[in-house]
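Residues per chain are reported as follows:
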Amino acid sequence: MPEVKTLSEGIFEITKGKKYLSTKNLDPGMTVYGEKLLSIEGSEYRTWEPRRSKLGAMVLKKFKIPLRQDSKVLYLGAASGTTVSHVSDIVSGGAVYAVEFSPRSMRDLISLVARRRNLHPILADAGKPNIYAHLVEPVDVVFQDVAQPNQAEIAARNAARYLKSDGYLLLAIKARSIDTAANPKQVFRDEIKKLEQAFEPKFEILTARDLNPYHEDHLGVLAKLKE
Amino acid sequence: MRLESWFGTLDLGEDGKVLASDQFSKNVRELALRSLSLREAGKGVPPAGFDLRSAALACGFVRSSEEYDSLLHEVTLDAAKLQISGALTPDQRIILAVEALDDVNETANVLSERLSEWYGGYFPESGLSGETLGRFVAKYGSRKNVAPEDPLYARATDSMGAELEAFDEELLKGFATSVCSLYDRRKQIEAYIESSMENIAPNLSLLAGPMLGARLISIAGSLEKLAAFPSSTVQVIGANKALFKHLRSRAPSPKHGIIFSHPLINTSPWWQRGKIARAVAAKLSLAARMDLYSGKKVPSLAEKLDAKVQQIRLQNPEAPRKKPDRGLKPKGKKKRRQ
Ligand SMILES: C[S@@+](CC[C@H](N)C(=O)[O-])C[C@H]1O[C@@H](n2cnc3c(N)ncnc32)[C@H](O)[C@@H]1O
């Protein structure tokens, strides 16, 4: 008998032969990126590949994941929607504002978005959050995975406009996108310091862990606004 | 205070409450087009933290939160689709063609090497390769069919190659025809790139040649990005490997990227190349900007570049005595005499 254990709201660990991280499929019968579908007691789950998703890796690295069934999420760097699809499963009664600036990636994202009514795609540069101010409401979570040198600043600008005062920032930092030559540990320390001090609003870091072995030279960060 | 939202224009009171609203009709396409026009408007931007959903409910634009999400979903989806269909600008089309050209070239090379290997068993003395071999095999098949007036006639009759029987000949001729059609495709794509470049980047085309110009746009990602690069970057575009090496270790910074294939640079003696590359890069950078902003061809650009290069040549006629350090060896390790 397969066993379903809840790791966090809407996030499950399914044991069926081996252990699978998974979310309940909001779009039954459809897969998004070649993941497996598991049917258990009338519910369909999609397996979630932590090596393909930094958020998935954060779950396995025991981050507290602040997503609820009705959360509003601003997702920066949606790419073709691998992770977005799982966030959409988790916040089945909420909304995800999926920002991506590459038209090529947006093309792929659109075919996912078209099938899920809680996804709102935005083709825009996350570094200029005013561009989507007429569309985006205050959110419970800002998730960011943009792999850009100025990612701390992008996070602050978006949090300033859109993050509720009791909301959370989830951030994936890629060392190589900041400085290809420097030591990743040093890059991470500098980025954390930027989040804590460099911009308005300032963040209080709740958790910061590297995402090994799922993603090399990546740091996951959970933060909230400093009072 | 008056602000713009995706569903209408709102007047807010001191306390942030919606006093009045001018709501748009619930037509998805209209809402999507308005949403796109609001992106750049810069005025009426809602204050940070403004709750659009509550406002939409309060002023009766939608009746429920579900309806809000449903409609917003359709509007953002439609807007994104409109943006995507407009995103395939002429320079993006050129980039797709450049990428296709690279694939065609690679495939043509692999297949013509295969043909050379294969046909070599039947006519090893042909001395042909690439496109000429493809045309030859497609035309004659077996070397027995080579016409007496063909310069290869003598070699064909004396060849030590095996006899090509009808069954195998069909196969080889068909294969050679495929190779030829790849070379035809290459010419077609090159012609497309040349004429498109003449249209969208006449100055870059003039100074760099259409193919090099198209490659610069392709690596930069767009004409706009290329125009925004400082000329020192234009000079090293395409030198990624050397550039990373420079950043990681202490290898010297690369002097030139793909602009090295420019005839003014690669026909110059080594001691002039760095200076000429800098001059070429500066003018290409200028040309890209002119193409982006005016689009008009300025023939005098080419003369100015030639004059500048001529001047560099005159000022540096002799090779300096010491060859510049090629920098392949890391510093600190001196070469020991044997
Ligand atoms: C590492 S990928 C994200 C992968 C995605 N989070 C997932 O797990 O499925 C980074 C994405 O961020 C996008 N991006 C980078 N800078 C951006 C910016 N300033 N605004 C919006 N998107 C950006 C890139 O185009 C790319 O698709």
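Scroll up a little and you will see the structure.
Rules of the game
Each chain carries its own residue numbering, running from 1 in the written order of its sequence. Chain labels run from A onward and ligand labels from 1 onward, assigned in the order the entries are written. Thresholds applied to this predicted model are a pLDDT of at least 70 for local features of residues and 80 or more for the giving and counting of side-chain atom pairs; totals over whole chains, interfaces and linings are not thresholded and use all residues. Side-chain metrics rest on all non-hydrogen atoms present in the structure, leaving aside hydrogens and water. Salt bridges are identified by distance alone: a Lys or Arg side-chain nitrogen within 4 Å of an Asp or Glu carboxyl oxygen. Secondary structure is summarised from DSSP: a helix means a run of H or I of at least four residues, a strand means a run of E of at least two, and numbering begins at the N terminus for each. Burial classes follow relative accessibility: with a 1.4 Å probe on protein chains only, a residue under 20% of its type's maximum area counts as buried, one over 50% as exposed, and anything between as partly exposed. Think of a 1 Å grid over just the protein atoms. A cavity is a set of points where a 1.4 Å probe fits yet cannot get out, a pocket is an open set with protein on both sides within 12 Å along at least five of seven lines, and lining residues have an atom within 4 Å of a point. Grid points are joined across faces, edges and corners, and a volume is the space filled by probe spheres set on the points. Amino acids are sorted into nonpolar (Ala, Val, Leu, Ile, Met, Phe, Trp, Tyr, Cys and Pro), charged (Asp, Glu, Lys and Arg) and polar (every other residue, Gly among them). Following DSSP output, two strands are said to pair if at least two bridges run between them. In this analysis an axis means a line fitted to C-alpha atoms, helices contributing only their contacting stretch, and an angle means the value between N-to-C directions, from 0 to 180 degrees. Being near a molecule or strand, for a residue, means having at least one of its heavy atoms within 4 Å of it. Under this definition, polar contacts are N or O atom pairs within 3.5 Å; protein pairs additionally need one hydrogen-donor-capable and one acceptor-capable atom, and for neighbouring residues in sequence, both atoms have to be side-chain atoms. An expected span of 1.5 Å times one less than the residue number is assigned to each helix. Working rule for contacts: check all heavy atoms of both residues, and any pair within 4.5 Å makes them a contact.

Engineer: A description of the pattern of salt bridges should follow, citing residues and the corresponding values.
Structural biologist: Per the stated rule, a full pass over the model turns up 25 salt bridges over all chains. Between Arg53 of chain B and Glu137 of chain A there is a salt bridge; the shortest N-O distance is 2.6 Å. Of this pair, Arg53 of chain B sits in helix α2 (residues 52–58) while Glu137 of chain A sits in the loop between β8 (119–123) and β9 (139–144), placing the two residues on different chains. The exposure classification of Arg53 of chain B matches that of Glu137 of chain A, with both residues buried. Put simply, Glu35, Arg46, Asp89 and Arg116 of chain A are held in one network by salt bridges that share partners.

Engineer: Describe the layout of surface pockets, and please don't skip the residues or the numbers.
Structural biologist: Over the atoms rolls a probe the size of a water molecule, and its path tells where empty space is left. Its volume calculated, the largest pocket comes out at about 970 Å³. Forming the boundary of the largest pocket are 24 residues, of which Pro103 of chain A together with Ala87, Gln92, Gly221 and Ser222 of chain B lie nearest the centre. When residues in the lining of the largest pocket are grouped by element, the largest group, six residues, is from helix α4 (residues 90–120) of chain B. Residue classes in the lining of the largest pocket are distributed as eleven nonpolar, seven polar and six charged.

Engineer: Provide a residue-level description of the sheet that holds strand β2 (residues 11–16) of chain A, including the pertinent values.
Structural biologist: Residue and element names in this part refer to chain A. Read from one edge of the open sheet, five strands run β1-β2-β3-β5-β4, paired in antiparallel fashion. Two strands bound the open sheet, and with one partner strand each, they are β1 (3–8) and β4 (37–40). Strand after strand, the sheet turns through a mean of 40° between neighbouring axes, direction not considered. Relative to strand β5 (residues 43–47), β4 runs antiparallel, the two being bridged by four bridges. Residue pairing in the sheet places Leu37 in a bridge with Arg46 of β5.

Engineer: Now, about the site of the ligand: what can you tell me, with residues and values included?
Structural biologist: Residues and elements named next belong to chain A. Within the structure, the ligand sits among 16 residues, and Tyr75, Thr83, Glu100, Asp125 and Ala126 are positioned closest to it. The backbone of Phe101 places a nitrogen or oxygen atom 3.3 Å from a nitrogen atom of the ligand. Here Asp125 contributes a side-chain N or O atom positioned 2.8 Å from a nitrogen atom of the ligand. Taken together, the residues that form the shell around the ligand break down as six nonpolar, six polar and four charged.

Engineer: I'd love a proper account of empty space enclosed by the protein, names of residues and values included.
Structural biologist: Counted under the stated rule, the structure contains two cavities of 30 Å³ or more. By volume, the largest cavity amounts to about 90 Å³. Surrounding the largest cavity, 14 residues form its lining, Leu135 of chain A together with Ser35, Arg39, Ala79 and Gln83 of chain B being those nearest its centre. Among the secondary structure elements, those contributing two or more residues to the lining of the largest cavity are β8 of chain A together with α1 (28–39) and α3 (65–87) of chain B. Sorting elements by how many residues they give to the lining of the largest cavity places α3 of chain B first, with four residues. Grouping the amino acids of the lining of the largest cavity by side-chain chemistry returns nine nonpolar, four polar and one charged. Computed from the structure, the second largest cavity encloses a volume of approximately 40 Å³.

Engineer: Quick one: what's the story with helix α6 (residues 184–198) of chain A, residue by residue and with numbers?
Structural biologist: Residue and element names in this part refer to chain A. Over its 15 residues, α6 extends 20 Å from the first C-alpha to the last, a length consistent with the 21 Å expected when each residue adds 1.5 Å. Of the surrounding secondary structure, the elements contacted by the buried residues of α6 are α4 (151–162), β10 (163–174), α5 (175–178), β11 (203–210) and β12 (218–225). One side-chain oxygen of the residue at the start of α6 lies 2.8 Å from the amide nitrogen of Lys185, identifying that residue as Asn183.

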